[in-house]
Amino acid sequence: MKKTIAIASLLGGLMVALAGCGGAPAGQQEKAGVEKGNLAGARIGGPFTLTDQDGAKRSWSDFKGRYRLVYFGYSYCPDVCPVDLQRIAQGFRQFEKQAPDRAAKVQPIFITLDPERDTPEVVKNYVSAFHPKLIGLTGTPEEIAAVAKQFVVVYMKERPQGSTDYLVSHSRTPYLFDPDGAPIALIPVDDPVTPDVDEGSAEEVAKTLDRWVK
Ligand code: NI
């Protein structure tokens, strides 16, 4: 996604923002020795009600008690989304094999940023290609805009010259949330700007899940 929003700088900005609100004095930390993820304390997430791939209403609170692996994208995405989702699904499968009991506590969720084309039927077809547990959510453009804002996801429609179809530039934000819906950490996916073999493999996704899902 060459014309995509500068994700690295967006995430960089996020990290800076997090660094700014992190680093609480030792006395304010809940417990010494409790490891915090890179999204701990970030204001990401919040209540919503959207429509799943079967047309049922799904709310953020429905997932209470479960870890949530949330990925925002769109099914017509030509390159980045399918690669990321593939990797996340592979990593999740790996984690399911190595720790089935803990993996059962994780709900992977795909939320579209292209609600006009991603109807429940389209989303159903899309998510089923990646993992049987993956829930796909869509809604009205207004609902999606509100959720994207709550989850600090940036996206924008773009029409390449000479094309009748539009693309949706969007930030890449695979988030892991805890059973109370608080953000824990970013799931590693490749940075398209500076690809790094140590980052973004299915192995790394599995490791991240293993590290945080208790
Ligand atoms: Ni995409």
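Just above, that's the structure.
Reference entry: report on the structure contained in this document. (Residues numbered from 1 in each chain as written. Predicted model: local features only at pLDDT ≥ 70, side-chain atom pairs only at ≥ 80, totals over all residues. Heavy atoms only, no water.)

## Comments concerning the packing of aromatic side chains
Here a ring pair, both rings aromatic, is described through the centre-centre distance and the interplanar angle of the planes.
Okay, so step 1: With the rule as written, the count across this model stands at nine aromatic pairs.
Okay, so step 2: The interplanar angle of 35° and the centroid separation of 5.5 Å between the aromatic rings of Phe48 and Trp60 together place this pair among those described as tilted. Within this pair, whereas Phe48 is found in the loop between helix 1 (7-21) and strand 1 (49-52), its partner Trp60 is found in the loop between strand 2 (57-59) and strand 3 (67-73), the two being separated by 12 residues in sequence. In terms of burial, Phe48 and Trp60 fall into one category: buried.
Okay, so step 3: An angle of 75° between the planes, with centres 5.8 Å apart, marks the rings of Tyr175 and Phe177 as edge-to-face. Each of the two residues, Tyr175 as well as Phe177, counts as buried.
Okay, so step 4: One aromatic cluster in this structure is built from Phe48, Trp60, Phe72, Phe151, Tyr175 and Phe177.
Okay, so step 5: Above the plane of the ring of Trp60 lies Arg68, whose end atom (NZ or CZ) is 4.4 Å from the centre.
Okay, so step 6: Lying across the ring of Tyr166, Lys157 places its NZ or CZ 4.5 Å from the centre. (Phe/Tyr/Trp six-rings, centres within 6.5 Å; stacked < 30°, edge-to-face > 60°. Helix = DSSP H or I, 4+ residues; strand = E, 2+ residues; numbered from the N terminus. Buried < 20%, exposed > 50% of the residue type's maximum accessible area, 1.4 Å probe, protein only. Lys NZ or Arg CZ within 6 Å of the ring centre and 35° of its normal.)

## Describing the sheet that holds strand 8 (residues 175-177)
Okay, so step 1: Spatially, the seven strands line up as an open sheet ordered 2-1-5-4-3-8-9, and their pairing is mixed. In the strand order of this sheet, the two ends are held by strand 2 and strand 9 (183-186), each with one partner. Each neighbouring strand pair of the sheet contributes to a mean axis angle of 35°, computed without reference to strand direction.
Okay, so step 2: Together, strand 1, strand 4 (106-112) and strand 5 (135-138) form the strand contacts of helix 4 (residues 120-128), whose direction differs from that of strand 5 by roughly 155°.
Okay, so step 3: Strand contacts of helix 5 (residues 141-150): strand 1, strand 3, strand 4 and strand 5, with the helix running at about 115° to strand 1, the strand carrying the most contacts. (Pairing = 2+ DSSP bridges. Axes fitted to C-alpha atoms, helices over the stretch in contact; angles between N-to-C directions. Contact = heavy atoms within 4.5 Å.)

## Considering the coordination of the nickel ion
Okay, so step 1: Protein ligation of the nickel ion involves Cys77 (SG), Cys81 (SG) and His170 (NE2), the donor distances falling in the range 2.1 to 2.2 Å.
Okay, so step 2: One chain supplies every donor for the nickel ion, spaced along it as C-x3-C-x88-H. Of this pair, Cys81 sits in helix 2 (residues 80-98) while His170 sits in strand 7 (residues 167-170), placing them 89 residues apart in sequence.
Okay, so step 3: Since its relative accessible area comes to 0%, His170 is described here as buried. (Donors = N, O, S within 2.8 Å, 3.2 Å for Na, K, Ca; no water.)

## Digging into helix 4
Okay, so step 1: Residues of helix 4 that are buried include every one of Pro120, Val123, Tyr126 and Val127, and no others. The arc that holds every buried residue of helix 4, seen down its axis, measures 125°, which confines them to one face. Looking at helix 4, the residues exposed on the side facing more than 90 degrees away from the buried face are Glu121, Asn125 and Ser128.
Okay, so step 2: In this fold, the buried residues of helix 4 make contact with strand 1, helix 2, strand 4 and strand 5. (Arc of directions from axis to C-beta.)

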